[in-house]
Amino acid sequence: DVKVTQSSRYLVKRTGEKVFLECVQDMDHENMFWYRQDPGLGLRLIYFSYDVKMKEKGDIPEGYSVSREKKERFSLILESASTNQTSMYLCASGSTSPFIDTQYFGPGTRLTVL
Amino acid sequence: AQSVTQPDIHITVSEGASLELRCNYSYGATPYLFWYVQSPGQGLQLLLKYFSGDTLVQGIKGFEAEFKRSQSSFNLRKPSVHWSDAAEYFCAVGPRGNRDDKIIFGKGTRLHILP
């Protein structure tokens, strides 16, 4: 079974702090994704990556950055956390060989910024 | 523009009753189609997907979905729901053959089960 793990289930940070959310997948997938999920808004794509050291902006990249130094690991960084970044963050991985296929999701990190 | 619409934000059914969750999409060509389920406090889990072939797709947990090209719909069904089916359900569409495109998710339908 595909496993996608996220470093924390719950996280509480203060405004202005730098926050790191880590995601690791064990299926050698090329693609990895970060979403945030808010009530009534569904899933919104923050950033995604199709390869090591490669990143692409999603629909709401402002206030976030990412890092993919190894194929299995994709990190989301909040440079200076703000209260409007309080949300559920979901990481996913998937294959594009030979086409866009199923995404596999981690359990999520619920981040609260005070 | 590409989009996915789940017209029902909340649906309530009695345990043992049948269920249909609606999904409509707007896309340039026939996309790949997915249904995911999210139990409380959890990530999303794939229920089923349609790529090609038989337009009635069977998934896990007794769910099925039917692709109707003429209606641009991919509705999810279950003949008899169980209390454990209470969750949020997301329909999604994905591109064919273009790795630079992304999967687009609907906003979700929250299913409530009455005992």
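Scroll up to find the structure this text is about.
Here the residue index of a chain counts from 1 through its sequence in written order. Each chain is given a letter, starting from A, and each ligand a number, starting from 1, according to the order in which they appear as written. Under the rules for a predicted model, residues below a pLDDT of 70 receive no local features and side-chain atom pairs below 80 are neither given nor counted, while totals for whole chains, interfaces and linings still include all residues. By convention in this description, side-chain values take in all heavy atoms of the structure and omit both hydrogens and water.

### A closer look at the layout of surface pockets
Next up, step 1: A pocket here means an open set of points on a 1 Å grid, computed over the protein atoms alone, that has protein on both sides within 12 Å along at least five of seven lines. A cavity is instead a set of points where a 1.4 Å probe fits but cannot get out; residues with an atom within 4 Å of a point line either one. Grid points are joined across faces, edges and corners, and a volume is the space filled by probe spheres set on the points. Volume-wise, the largest pocket comes out at about 810 Å³.
Next up, step 2: If you trace the largest pocket, you find 35 residues lining it, with A:L41, A:G42, A:L43, B:F90 and B:K107 closest to the centre.
Next up, step 3: We count a stretch as a helix when DSSP gives it H or I for four or more residues in a row; a strand needs E for two or more, and each element gets its number in order from the N terminus. Elements that contribute at least two residues to the lining of the largest pocket include exactly strand 4 (31-38), strand 5 (42-49) and strand 9 (87-94) of chain A together with strand 10 (87-94) and strand 11 (104-105) of chain B.
Next up, step 4: The leading source of residues in the lining of the largest pocket is strand 5 of chain A, at 4 residues.
Next up, step 5: Polar here means any residue outside two lists: the nonpolar Ala, Val, Leu, Ile, Met, Phe, Trp, Tyr, Cys and Pro, and the charged Asp, Glu, Lys and Arg; Gly therefore counts as polar. Partitioning the lining of the largest pocket into residue classes produces 13 nonpolar, 13 polar and 9 charged.

### What to know about the state of the cysteines
Next up, step 1: Put simply, a disulfide is two cysteine sulfurs that come within 2.5 Å. Scanning the entire structure with this criterion turns up 2 disulfides over all chains.
Next up, step 2: Disulfide partner of A:C23: A:C91, at an S-S distance of 1.9 Å. A torsion of -80° about the S-S bond marks the disulfide between A:C23 and A:C91 as left-handed. One end of the pair, A:C23, is in strand 3 (residues 19-25); the other, A:C91, is in strand 9, with 68 residues separating them in the sequence. Accessibility classification places A:C23 together with A:C91 in one group, the buried group.
Next up, step 3: Here B:C23 connects covalently by a disulfide to B:C91, the sulfurs 1.9 Å from one another. The sign of the S-S torsion, about -65°, decides the handedness of the disulfide formed by B:C23 and B:C91: left-handed. Of this pair, B:C23 sits in the loop between strand 3 (19-21) and strand 4 (24-26) while B:C91 sits in strand 10, and the two are 68 residues apart along the sequence. Residue B:C23 shares its accessibility class with B:C91, and that shared class is buried. Partly exposed describes any residue whose relative accessible area lies between the buried limit of under 20% and the exposed limit of over 50%, with all areas from a 1.4 Å probe on protein chains only and scaled to the type maximum.

Shape descriptors only; they carry no functional weight alone.
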